[in-house]
Amino acid sequence: MTSPDEKARLKALTTAFQMPSFQTMVSRKSSVTNAAVNSLIPAVTPTPDQIEKALAILGMEVTDVRCTYCGDPSTEWDHLRPLVINRRPTGFISEIANLVPACGKCNQSKGNKPWREWIMNPSANRSPTGRGLPNVPERVARLETYEEWLSPTHVDFEAILGREAWEHYWSLCEAIIAEMRECQHVADRLHKEIAAKLNGEKRA
Ligand SMILES: [Zn+2]
């Protein structure tokens, strides 16, 4: 039997270590889609007046910008409505009507989910509701006011570019993803071969 002290020691030690997270070819697929969409859409820099108005609606000081979702110090501006869903552009762009200050934790946890659904989700462990934060209804109300303030640009890519050019662009993107998938299959096989070789050397 392991003593409670020993259990605590083991737990502390395993918590102290963290394996670096690694990317695979497959986990890079969404980065390819995001890059393909980001390369197309305009990024509109807001005027100082718009920034002032945005912060006022969100109840923030210019010198103390906070995450709209959780209230922690803000590290970035997050797309309120996602740019990509199901590997296709939604038509929304990078402009202040579609951006709010956020912290990295919330931004990552929210991902491409609709903001309201994510905020209210008690089982998303990093959502404001999942974290048990106070004032969630107040935060939701501020975001609703924010959405009413400016109507967001919505780009109809196919209407602007024509069907042929649009489909061609996405077929290029799909071809890259297919190559990545193929590369991952090969990597998986090689990974096993390397691990088997290393294990064999250890035993010998
Ligand atoms: Zn946050």
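Our structure is the block above this text.
Our subject in this report is the structure included herewith.

**What about the packing of aromatic side chains?**
Counted by the stated rule, this structure contains 5 aromatic pairs. Seen in terms of ring centroids, Tyr 69 and Trp 118 are 5.2 Å apart; in terms of plane orientation they differ by 85°. Their pairing is edge-to-face. Here Tyr 69, found in the loop between helix H3 (48–57) and strand S1 (76–79), pairs with Trp 118, found in helix H5 (residues 115–120); they are 49 residues apart in sequence, far enough to count as distant. A centroid spacing of 5.4 Å and a plane angle of 65° characterise the contact between Tyr 146 and Trp 149, whose relative ring orientation is edge-to-face. Residue Tyr 146 and its partner Trp 149 are located together in helix H6 (residues 136–149), separated by 3 residues, close to a single helical turn. Directly above the ring of Phe 92 sits Arg 81, whose terminal nitrogen or CZ lies 5.5 Å from the centroid.

**Some thoughts on the coordination of the zinc ion**
In the first shell of the zinc ion, the protein supplies Cys 67 (SG), Cys 70 (SG), Cys 103 (SG) and Cys 106 (SG), at 2.3 Å from the metal. For the zinc ion, the 4 donor atoms in the first shell make angles of 105 to 115° at the metal, a pattern classed as tetrahedral. Sequence positions of the residues that donate to the zinc ion give the spacing C-x2-C-x32-C-x2-C. Residue Cys 67 is located in the loop between H3 and S1, and its partner Cys 106 is located in helix H4 (residues 104–110); the two are separated by 39 residues in the primary sequence. Each member of the pair, Cys 67 as well as Cys 106, is classed as buried.

**A short note on H3**
Among the residues making up H3, those that are buried are Ala 54, Leu 55 and Ile 57. The arc that holds the buried residues of H3, viewed along the axis, is 160°, so those residues lie on one side. In this structure, H3 carries Pro 48, Asp 49, Glu 52 and Ala 56 as exposed residues pointing more than 90 degrees from its buried face. Of the surrounding elements, those touching the buried residues of H3 are S1 and H6. Directly beyond the C-terminal end of H3, a positive phi value near 70° is found at Gly 59.

**Notes on a nonpolar patch on the surface**
Judged by side-chain polarity, Leu 190, Ile 194 and Leu 198 come together as a nonpolar surface patch covering roughly 280 Å² of accessible area. The residue Leu 198 is located in helix H8 (residues 163–203) in this model. Taking the relative accessible area as the measure of exposure, Leu 198 reaches 47% and is therefore partly exposed.

**Section: the nonpolar core**
Counting residues in each nonpolar core, the largest one holds 22 residues, and the members touching the most others are Tyr 69, Ile 119 and Tyr 146. Those elements that place two or more of their residues in this core are H3, strand S4 (99–102), H5 and H6. Every residue in contact with Tyr 146, bar those within four places of it in the chain, is listed here: Ala 54, Ile 57, Leu 58, Trp 77, Leu 80, Ile 96, Ala 97, Leu 99 and Val 100. Membership of the second largest hydrophobic core comes to 15 residues, among which are Val 37, Ile 93, Trp 166 and Trp 170.

**Structural notes on the environment of Ile 119**
Inspection of the secondary structure assignment puts Ile 119 in helix H5. Once the C-alpha coordinates of Ile 119 and Lys 197 are considered, the two residues, 78 residues apart in sequence, prove to be 47 Å apart.

Cut-offs applied
Residues numbered from 1 in each chain as written. Predicted model: local features only at pLDDT ≥ 70, side-chain atom pairs only at ≥ 80, totals over all residues. Heavy atoms only, no water. Phe/Tyr/Trp six-rings, centres within 6.5 Å; stacked < 30°, edge-to-face > 60°. Helix = DSSP H or I, 4+ residues; strand = E, 2+ residues; numbered from the N terminus. Lys NZ or Arg CZ within 6 Å of the ring centre and 35° of its normal. Donors = N, O, S within 2.8 Å, 3.2 Å for Na, K, Ca; no water. Tetrahedral: all angles 85-135°; square planar, octahedral: opposite > 155°, others 65-115°. Buried < 20%, exposed > 50% of the residue type's maximum accessible area, 1.4 Å probe, protein only. Arc of directions from axis to C-beta. Contact = heavy atoms within 4.5 Å. Patch = residues over 30% accessible without salt bridge, like charges linked within 9 Å, V, L, I, M, F, W, Y side chains within 5 Å. Areas by Shrake-Rupley, 256 points an atom, 1.4 Å probe, with all protein chains shown as cover. Salt bridge = Lys/Arg side-chain N within 4 Å of Asp/Glu carboxyl O. Core = buried A, V, L, I, M, F, W, Y, C linked by side-chain atoms within 4.5 Å.

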